[in-house]
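# Secondary and tertiary structure notes
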Amino acid sequence: MTTKTSRLADENNTLREQLTPDNKKYYEDLLLYMRTRAVLKDSVVIEQELLTILTDIIAAQQDGVAAVDYFGKQPQETADDILAEIPNHWVNMVKMVGAVLAGYFLITAIPSLTLPSTPVDIGTLLLTGVYFTLAALGIVTYVGRTTYQKQHQWGRWGWVVRWLAACVLIAPGFLLTFFLKTPWRIYLPGLIGIALISILLIALAVVFWQQDDKMMWAPFVPIVVMMALIGIVTRVQAWQTFLLKTTPGRIGLAGGLVVALLLFYGLIWRMLRRTKD
């Protein structure tokens, strides 16, 4: 988000606490729909429209009028009319895609440095970055299209289906990382690798701390931290033989990765449930 967009979003978050539970649910569905359906729109204009709608609903609420009575029983149609009046903003799209790619490269740089004997494959990073960017756009599109859809016959199992679908969508990106090889590979062993991992980890911590919506990035934290630790300890000369060439050492490294992946999928599950609650 730009500074102005972030400021508008923060103001929205504060004012939204004034809504009654029913009005808040009504408005947050509208907010989620408009934000996810406005990928090509100017984010500042979208946030201004959302803030205007929110202040109108709060004013109506103070007069004893519910949001559904004030804004209508077909909020999706009204939102579509508002979005249709806002011209496409391709620069915003380019910025968003660039931000996703930059975030991906920043996050995956550390996993690619996990083992000193494994080269950093620049070509693989580029291709998987494109894949995850498309996957992110697909998820945003899906959320937008299903915001006002009623629950299907799956009932409670719908959460399981969505969680499994998210896992299936994400899995090919990880498979590309492990199995795709390109000629653009470089090795970063020893102190060079440790220094680079440390710098990247600090940069990631700073970026994460500055995010308004930390929950969106929280699932990646366990994996990145675990891989950073593995990348550092396996580059320490005194520990390399034990960690990389003995069964207990390899089991320990594998166990750490399993724990990190379980935390990753658990946090994804939690995030998906919050999206619909």
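Preceding this section is the structure that the text describes.
The structure contained in this document is the topic of the report that follows. (Residues numbered from 1 in each chain as written. Predicted model: local features only at pLDDT ≥ 70, side-chain atom pairs only at ≥ 80, totals over all residues. Heavy atoms only, no water.)

## Overview of the side chain of Gln61
Secondary-structure assignment places Gln61 in helix H3 (residues 43-62). Separated by 2.8 Å, the side chain of Gln61 and the backbone oxygen of Gln18 make a polar contact. Contact partners of Gln61, with chain neighbours within four places excluded, come to Gln18, Leu19, Thr20 and Asn23. (Helix = DSSP H or I, 4+ residues; strand = E, 2+ residues; numbered from the N terminus. Polar contact = N/O pair within 3.5 Å; in protein donor to acceptor, adjacent residues only side chain to side chain. Contact = heavy atoms within 4.5 Å.)

## Looking at the pattern of salt bridges
For the coordinates displayed, the defined rule picks out four salt bridges. Taking the shortest distance from any N to any O, the salt bridge between Arg16 and Glu28 comes out at 3.0 Å. Of this pair, Arg16 sits in helix H1 (residues 3-16) while Glu28 sits in helix H2 (residues 21-36), and the two are twelve residues apart along the sequence. The partner of Lys24 in a salt bridge is Glu17, with the nearest N and O atoms 3.3 Å apart. (Salt bridge = Lys/Arg side-chain N within 4 Å of Asp/Glu carboxyl O.)

## Concerning the packing of H2 against helix H5 (residues 75-85)
In contact at an axis separation of 10 Å, H2 and H5 are set at 40 degrees when each is read in the N-to-C sense. What the angle tells us is that H2 and H5 run oblique. At the point where H2 passes H5, the crossing takes the right-handed sense. Taking contact as the criterion, the partners of Tyr26, Leu30, Tyr33 and Met34 in H2 are, on H5, Pro75, Gln76, Ala79, Asp80, Ile82 and Leu83. In terms of residue class, the contact of H2 with H5 is made up of eight nonpolar, one polar and one charged. (Axes fitted to C-alpha atoms, helices over the stretch in contact; angles between N-to-C directions. Parallel < 35°, antiparallel > 145°, perpendicular 65-115°, else oblique. Left-handed = near helix turned anticlockwise from the far one by under 90°. Nonpolar A, V, L, I, M, F, W, Y, C, P; charged D, E, K, R; others polar.)

## Describing a negative patch on the surface
Among the surface-exposed residues, Glu77, Asp80, Asp81 and Glu85 lie close enough to one another that they form a single negatively charged patch. Mapping Glu77 onto the fold places it in helix H5. (Patch = residues over 30% accessible without salt bridge, like charges linked within 9 Å, V, L, I, M, F, W, Y side chains within 5 Å. Areas by Shrake-Rupley, 256 points an atom, 1.4 Å probe, with all protein chains shown as cover. Lys, Arg positive; Asp, Glu negative; His and termini not counted. Charge placed at Lys NZ, Arg CZ, Asp CG, Glu CD.)

## Comments concerning the nonpolar core
Tyr27, Leu30, Met34, Ile53 and Leu54 are the most contacted members of the largest nonpolar core, which has 24 residues in total. Every element with two or more residues in this core is listed here: H1, H2, H3, helix H4 (67-71) and H5. With eight residues, H3 is the single largest residue contributor to this core. Excluding residues that lie within four positions of it along the chain, Ile53 makes contacts with Tyr27, Leu30, Met34, Phe71 and Ile82. (Core = buried A, V, L, I, M, F, W, Y, C linked by side-chain atoms within 4.5 Å. Buried < 20%, exposed > 50% of the residue type's maximum accessible area, 1.4 Å probe, protein only.)

## A word on the environment of Arg250
By the secondary structure assignment, Arg250 is in helix H13 (residues 247-276). For Arg250 and Gln62, which are 188 residues apart along the polypeptide, the C-alpha to C-alpha distance reads 63 Å. The contacts of Arg250, once residues within four sequence positions are left out, are Leu243, Leu244 and Lys245.

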